[in-house]
Amino acid sequence: KQEVTQIPAALSVPEGENLVLNCSFTDSAIYNLQWFRQDPGKGLTSLLLIQSSQREQTSGRLNASLDKSSGRSTLYIAASQPGDSATYLCACGNTGKLIFGQGTTLQVKP
Amino acid sequence: DVKVTQSSRYLVKRTGEKVFLECVQDMDHENMFWYRQDPGLGLRLIYFSYDVKMKEKGDIPEGYSVSREKKERFSLILESASTNQTSMYLCASSSQDRGNWDEQYFGPGTRLTVT
């Protein structure tokens with residue numbers, strides 16, 4: 001059974017810092033991995049989707065990588081801003097279903 | 001832009017009531033999903049559907065049922081609401097187009113309180 005882990009559970013950084021969020025998974029037989037952002041009390045916003053055949057995806061200040069062999073993905077956020085404060089979730093996809101990690105709650109201090 | 005809407009942002013119901021949560025998507029997606037999200041437990045899949053009138057159990061289907069009479073609409077039904085069903089409920093949809101396989105788009109969520 002797939003298990004997805006995100007460490008740390010919470011992270012606080014000063015504005016402008018570059019940071020990396022980690023996601024690990026136990027079963028490498030995934031179709032893709034998706035990163036989401038969730039603001040308090042809100043739904044999930046899709047940030048990046050990496051197909052199993054890809055190594056990374058980029059969108060603006062965000063870069064996500066995928067290493068299936070080691071069961072790891074990272075989300076890199078460049079030049080962090082207070083508006084980046086949110087919970088970031090990764091999820092592994094297989095045959096249409098997603099298995100989620102518990103998330104990392106990020107606080108970017110001005 | 002994909003849009004997934006949920007009928008209510010906040011809902012308060014009494015124990016034993018029958019509760020309907022509605023989800024509508026406007027992108028002609030084949031797949032639709034219902035999750036619940038609880039502190040410390042994360043998001044868990046309740047039911048999903050790959051086509052009209054089709055449904056599959058997720059990881060925690062007990063106490064819930066679903067209905068998909070039209071492609072754009074997926075309803076979650078709590079037959080007899082209980083206090084342990086107090087939670088945030090999130091609906092999602094995705095396409096079966098291979099190029100976008102599994103990219104799920106979420107609605108804003110319904111925070112249900114059962115008293």
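Residues numbered from 1 in each chain as written. Chains lettered and ligands numbered in written order. Predicted model: local features only at pLDDT ≥ 70, side-chain atom pairs only at ≥ 80, totals over all residues. Heavy atoms only, no water.

Caption draft 1: Looking closely at the overall build of chain B. Assigned secondary structure in chain B consists of zero helices and eleven strands. Listing every helix and strand of chain B by position from the N terminus yields β-β-β-β-β-β-β-β-β-β-β. Across its three principal directions, the C-alpha atoms of chain B cover 45 × 30 × 25 Å. Among the 115 residues that make up chain B, the fraction classed as buried is 49%. (Helix = DSSP H or I, 4+ residues; strand = E, 2+ residues; numbered from the N terminus. Buried < 20%, exposed > 50% of the residue type's maximum accessible area, 1.4 Å probe, protein only.)

Caption draft 2: Region of the structure containing the nonpolar core. Residue and element names in this part refer to chain A. Ranked by internal contacts, the top residues of the largest apolar core, which has 22 residues, are Leu33, Trp35, Leu75 and Ile77. Secondary structure elements with two or more residues in this core: β3 (19–25), β4 (32–38), β5 (44–51), β7 (62–67), β8 (72–77), β9 (86–94) and β11 (104–109). Other than its neighbours up to four places away in sequence, Leu33 contacts Cys23, Phe25, Leu48, Leu49, Ile50, Leu66, Ser73, Cys90, Ala91 and Cys92. (Core = buried A, V, L, I, M, F, W, Y, C linked by side-chain atoms within 4.5 Å. Contact = heavy atoms within 4.5 Å.)

Caption draft 3: Region of interest: the sheet that holds strand β7 (residues 64–70) of chain B. Residue and element names in this part refer to chain B. Read across the sheet, four strands follow the order β1-β3-β8-β7 without closing on themselves; strand pairing throughout is antiparallel. Pairing within the sheet leaves two strands with one partner each, and these edge strands are β1 (4–6) and β7. Within the sheet, the average angular offset between the axes of one strand and its neighbour, ignoring direction, is 20°. Bridging between strand β3 (residues 19–25) and strand β8 (residues 73–78) involves six bridges; their strand directions are antiparallel. The partner of Val19 across the bridge, within β8, is Leu78. (Pairing = 2+ DSSP bridges. Axes fitted to C-alpha atoms, helices over the stretch in contact; angles between N-to-C directions.)

Caption draft 4: Representation of the state of the cysteines in the model. Applying the stated rule across the entire model yields two disulfides over all chains. There is a disulfide in this structure between Cys23 of chain A and Cys90 of chain A, and the S-S distance comes to 2.0 Å. Negative torsions about the S-S bond denote left-handed disulfides, and the value of about 80° found for Cys23 of chain A with Cys90 of chain A makes this one right-handed. With Cys23 of chain A in strand β3 and Cys90 of chain A in strand β9, this residue pair connects regions lying 67 residues apart in the sequence. Its relative accessible area of 2% is what places Cys23 of chain A among the buried residues. A sulfur-sulfur distance of 1.8 Å marks the disulfide that ties Cys23 of chain B to Cys91 of chain B. Looking down the S-S bond of the Cys23 of chain B and Cys91 of chain B bridge, the torsion is -75°, so its handedness is left-handed. (Disulfide = S-S within 2.5 Å.)

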